[in-house]
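A look at the structure
Chain residues, written in single-letter form:
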Amino acid sequence: MDFLTLAKKRYACRKYTAQKVEREKLEQILEAGRIAPTGANRQPQRLVVIESAEGMERLARCTRDFGAPLAILVCADKSEVWTRKYDGKQITDIDATIITDHMMLQAAALGLDTLWICMFKPEVVRTEFNLPENYEPVNILLVGYRDEEPASPDRHSETRKKIEETVFYERF
């Protein structure tokens, strides 16, 4: 499957079966995150894999889990992140998001469905998962097998802005 077909196939899944994600597939998803590019190759990502019933209960205290059997808490170690010298911007959120996207697309390529969550209580996540002070929770990626009708890969022609509205050449 070519990249655009894969990207169009992926959608935000909000209902999962109880079927567990196979270990081999989880390892491939984690490998996709490991090889994702990060600023100056600092690799600040710290991933917490949550798959036990107890872990998913803790996650449910932080955000909705939509019945997913697996979640990956994507954090960035602020002590290892690259910082832009001109304005001091730390790119923890950018690095973690690139990693999340790589894992999300790898999951789709493996026939799994995902939901990328940014709506969570950071301090509750920090407490529930015992995060060190320098770890910033950035994203949560739910992973599993869908228990709903998938969104149409053709939906983008209706749900996305036209390319002329978002792309400019040379200047605005």
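Structure: above.
What this report covers is the structure whose coordinates are included nearby. Here the structure is a predicted model, which means the values were calculated and not measured. (Residues numbered from 1 in each chain as written. Predicted model: local features only at pLDDT ≥ 70, side-chain atom pairs only at ≥ 80, totals over all residues. Heavy atoms only, no water.)

**Topic: the overall build of the protein**
- The number of helices and strands found in the protein is seven helices and four strands.
- Start at the N end of the protein and walk to the C end: the helices and strands fall as α-α-β-α-β-α-β-α-β-α-α.
- Whereas a compact globule of 172 residues would reach a radius of gyration of roughly 16 Å, the protein reaches 17 Å, a difference of no more than 12%.
- Projecting the C-alpha coordinates of the protein onto the three principal axes gives extents of approximately 50 × 40 × 30 Å.
- As displayed, the protein has an accessible area near 10400 Å², and 52% of this comes from carbon and sulfur atoms.
- Separation between the mean location of the 26 positive side-chain charges and that of the 28 negative ones in the protein comes to 3 Å. (Helix = DSSP H or I, 4+ residues; strand = E, 2+ residues; numbered from the N terminus. Rg over C-alpha atoms; globule rule 2.2 N^0.38 Å. Areas by Shrake-Rupley, 256 points an atom, 1.4 Å probe, with all protein chains shown as cover. Lys, Arg positive; Asp, Glu negative; His and termini not counted. Charge placed at Lys NZ, Arg CZ, Asp CG, Glu CD.)

**Examining unusual backbone geometry**
- Positioned with a positive phi, alanine 40 is a non-glycine residue whose angle comes to about 55°.
- On the basis of relative accessibility, which here comes to 53%, the residue alanine 40 falls in the exposed class.
- With phi around 75°, glutamate 170 is a residue other than glycine that occupies positive phi space.
- Within the element layout of this structure, glutamate 170 appears in the segment after α7 (163–166). (Buried < 20%, exposed > 50% of the residue type's maximum accessible area, 1.4 Å probe, protein only.)

**Quick look at the pairing of strand β4 (residues 135–144)**
- Most of β4 is tucked away: nine of the ten residues are buried.
- The pairing of strand β2 (residues 70–77) with β4 spans eight bridges and is antiparallel. Residue pairing for β4: aspartate 77 is matched across the bridge by tyrosine 135.
- Where strand β3 (residues 113–117) and β4 come together, five bridges link them in antiparallel fashion. By the bridge assignment, tryptophan 116 is partnered in β4 with leucine 141. (Pairing = 2+ DSSP bridges.)

All quantities given are derived from atomic positions and should not be read as evidence of function.
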